[in-house]
Amino acid sequence: MNLLLLVIIGITALISYKGFNDENFFRKYEFHIGRIRSGEQLRMITSGFIHVDFMHLLFNMITLYFFAPVVIDNLGSIYFLYVYFGSMIAGSMLTLYMHKNDYYYRAVGASGAVMGIIYASILLDVHQQMRFYGFIPGYIFGIGYLLYSIYGMKAKNDHIGHTAHFGGAIGGYLITLIKQPDLFQSNTKIVFLLMIPIIILFYMDKTKRF
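What counts as what
Within each chain, residue numbers correspond to sequence positions counted from 1 in written order. Owing to the predicted nature of the model, reporting of local features is limited to residues with pLDDT of at least 70; listing and counting of side-chain atom pairs is limited to 80 or more, with chain, interface and lining totals taken over all residues. To get the side-chain values, take all heavy atoms of the structure and skip hydrogens and water. Put simply, a salt bridge is a Lys or Arg side-chain nitrogen that is within 4 Å of an Asp or Glu carboxyl oxygen. Helix and strand definitions follow DSSP, with helices as H or I runs of at least four residues and strands as E runs of at least two, each counted in order from the N terminus. Every angle, taken between N-to-C directions, lies between 0 and 180 degrees, and every axis is a line fitted to C-alpha atoms, over only the stretch in contact when it is a helix. Contact criterion: two residues are considered in contact whenever any of their non-hydrogen atoms come within 4.5 Å of each other. Nonpolar residues are Ala, Val, Leu, Ile, Met, Phe, Trp, Tyr, Cys and Pro. Charged residues are Asp, Glu, Lys and Arg, and all others, Gly as well, are polar. Residues forming no salt bridge and having over 30% relative accessible area are the ones grouped into patches, like charges within 9 Å of each other and nonpolar side chains (Val, Leu, Ile, Met, Phe, Trp, Tyr) within 5 Å. In this description, accessible areas are obtained by the Shrake-Rupley approach with a 1.4 Å probe, and a residue is regarded as covered only by the protein chains that are shown. A helix's residues, less one, multiplied by 1.5 Å, set its expected span. Remark: exposure states derive from per-residue accessible area (1.4 Å probe, protein chains only) relative to the maximum for the residue type, with buried under 20%, exposed over 50%, and partly exposed in between. Buried residues of nine kinds, namely Ala, Val, Leu, Ile, Met, Phe, Trp, Tyr and Cys, make up a nonpolar core once their side-chain atoms join them within 4.5 Å. Only rings of Phe, Tyr and Trp enter the pairing, Trp through its six-membered ring, and a pair is recorded when the two centres are within 6.5 Å. The plane angle decides the type: under 30 degrees is stacked, over 60 is edge-to-face, the rest tilted. Roughly parallel here means an angle under 35 degrees, roughly antiparallel means over 145, roughly perpendicular means 65 to 115, and every remaining angle is called oblique. Crossing handedness is defined as follows: a turn of the near helix away from the far one that is anticlockwise and smaller than a right angle gives a left-handed crossing, while the clockwise case is right-handed. Polar contacts, as used here, are pairs of N or O atoms within 3.5 Å; protein pairs need one atom able to donate a hydrogen and one able to accept it. Residues neighboring in sequence count only if both atoms are side-chain atoms.

Caption draft 1: Representation of the pattern of salt bridges within the structure. Throughout the structure, instances matching the rule amount to five salt bridges. Glu-23 is the partner of Arg-27 in a salt bridge, and the nearest nitrogen-oxygen pair spans 3.7 Å. In this pair, Arg-27 and Glu-23 both sit in helix α2 (residues 23-29), four residues apart, roughly one turn of the helix. Note that Arg-106 is salt-bridged to Glu-30, the shortest N-O span being 2.4 Å. On the criterion of sequence distance, the pair formed by Arg-106 in strand β2 (residues 106-107) and Glu-30 in the loop between α2 and β1 (31-32) is long-range, its members being 76 residues apart.

Caption draft 2: Here's a closer look at the packing of helix α1 (residues 3-21) against helix α6 (residues 77-98). Two numbers describe how α1 lies on α6: the axes approach to 11 Å, and their chain directions differ by 35°. Side by side, α1 and α6 meet where Leu-4, Leu-5, Ile-8 and Thr-12 of the first sit next to Ser-77, Phe-80, Leu-81 and Tyr-84 of the second. In terms of residue class, the contact of α1 with α6 is made up of six nonpolar, two polar and no charged.

Caption draft 3: View of a nonpolar patch on the surface. Together, Leu-3, Leu-6, Val-7 and Ile-11 give the surface a local cluster of nonpolar side chains, amounting to about 350 Å² of exposed area. Tracing the sequence through the fold places Ile-11 in helix α1.

Caption draft 4: Region of interest: helix α7 (residues 111-124). If you check α7, its first and last C-alpha atoms are 20 Å apart, about what 14 residues at 1.5 Å a residue would give, namely 20 Å. Among the 14 residues of α7, 14 are classified as buried, and the element is accordingly described as predominantly covered.

Caption draft 5: Local environment of the nonpolar core. Grouped together as the largest cluster of nonpolar side chains are 50 residues, with contacts concentrated most on Leu-64, Phe-80 and Ile-117. Listed by contribution, the elements that provide at least two residues to this core are α1, α5 (54-75), α6, α7, α8 (138-155), α9 (162-179), α11 (188-193) and α12 (195-206). When residues in this core are grouped by element, the largest group, ten residues, is from α7. Every residue in contact with Ile-117, bar those within four places of it in the chain, is listed here: Leu-64, Phe-67, Ala-68, Val-71, Phe-80, Val-83 and Tyr-84. With six residues, the next largest nonpolar core counts Phe-31, Ile-36, Tyr-105 and Ala-107 among its residues.

Caption draft 6: Spatial organisation of the packing of aromatic side chains. Applying the stated criterion to the full structure yields eight aromatic pairs. Note on Tyr-79 and Tyr-82: the rings are 5.2 Å apart at their centroids and 75° apart in plane angle, and the pair reads as edge-to-face. Of this pair, Tyr-79 and Tyr-82 both sit in helix α6, three residues apart, roughly one helical turn. A residue is classified by how much of its surface remains accessible, and Tyr-79, at 17% relative accessible area, is buried.

Caption draft 7: Molecular detail of the packing of α6 against α7. Packing of α6 against α7 leaves a shortest axis separation of 7 Å and a crossing angle of 130°. Relative to α7, the element α6 lies oblique. The way α6 lies across α7 gives a crossing that is right-handed. Here Phe-80, Val-83, Tyr-84, Ser-87 and Met-88 of α6 lie close against α7, whose contacting residues are Gly-112, Ala-113, Val-114, Gly-116, Ile-117 and Ala-120. Tallied by class, the residues present in the contact of α6 with α7 amount to eight nonpolar, three polar and no charged.

Caption draft 8: View of the side chain of Ser-92. Structurally, Ser-92 can be placed in helix α6. With relative accessibility at 5%, the residue Ser-92 sits in the buried group. A polar atom in the side chain of Ser-92 sits 2.6 Å from the backbone oxygen of Met-44.

Caption draft 9: Structural view of the environment of Ile-198. With respect to the helices and strands, Ile-198 occurs in helix α12. Ile-198 sits 29 residues away from Ala-169 along the chain, and the two C-alpha atoms are 8.2 Å apart. Every residue in contact with Ile-198, bar those within four places of it in the chain, is listed here: Tyr-119, Phe-166 and Ile-170.

Any link to function would need more than the numbers given here.
Structure representation (structure tokens):
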């Protein structure tokens, strides 16, 4: 197991645990539209290290644990960081764009960064399977995760950054394809298949379905 991956998981777990037990800490670093628009842009990154509860943290970190090695093995540790933090920022930017007028919107979680890693890993190795989740093909899990996120965005009944999932997916998708443009030829079907949930999102946003 890559040491860098363990460090990210460890730091995220420690910061999340702090947030579980300290509401002031949680509120200070969560993603909050009003605070970000008033100048606290650091929240666009710090919110990616905080989670709603232990199950939210566990789901994200286990998913990262299974998908990240593919990215690290194919792109290297440095580019893994580009994908992870680039996707985290992309998730925050899309959330800021889609909720720019909702000053009270708030969310937390590493889901954007993790979703970017999922999309990157599927592009790099379409045959991988999520063994922990019952031998589910990686691309089915990734697409299903985004479709579930559409439901979460419409339901608006939790504190999870569902919009960030899409921003993260877009970030991981673009960063990986920029790094390895040959995937357009070697993995054409998956490149276009992974684009479908993203197209659905922007269609629903344009037609005011949220």
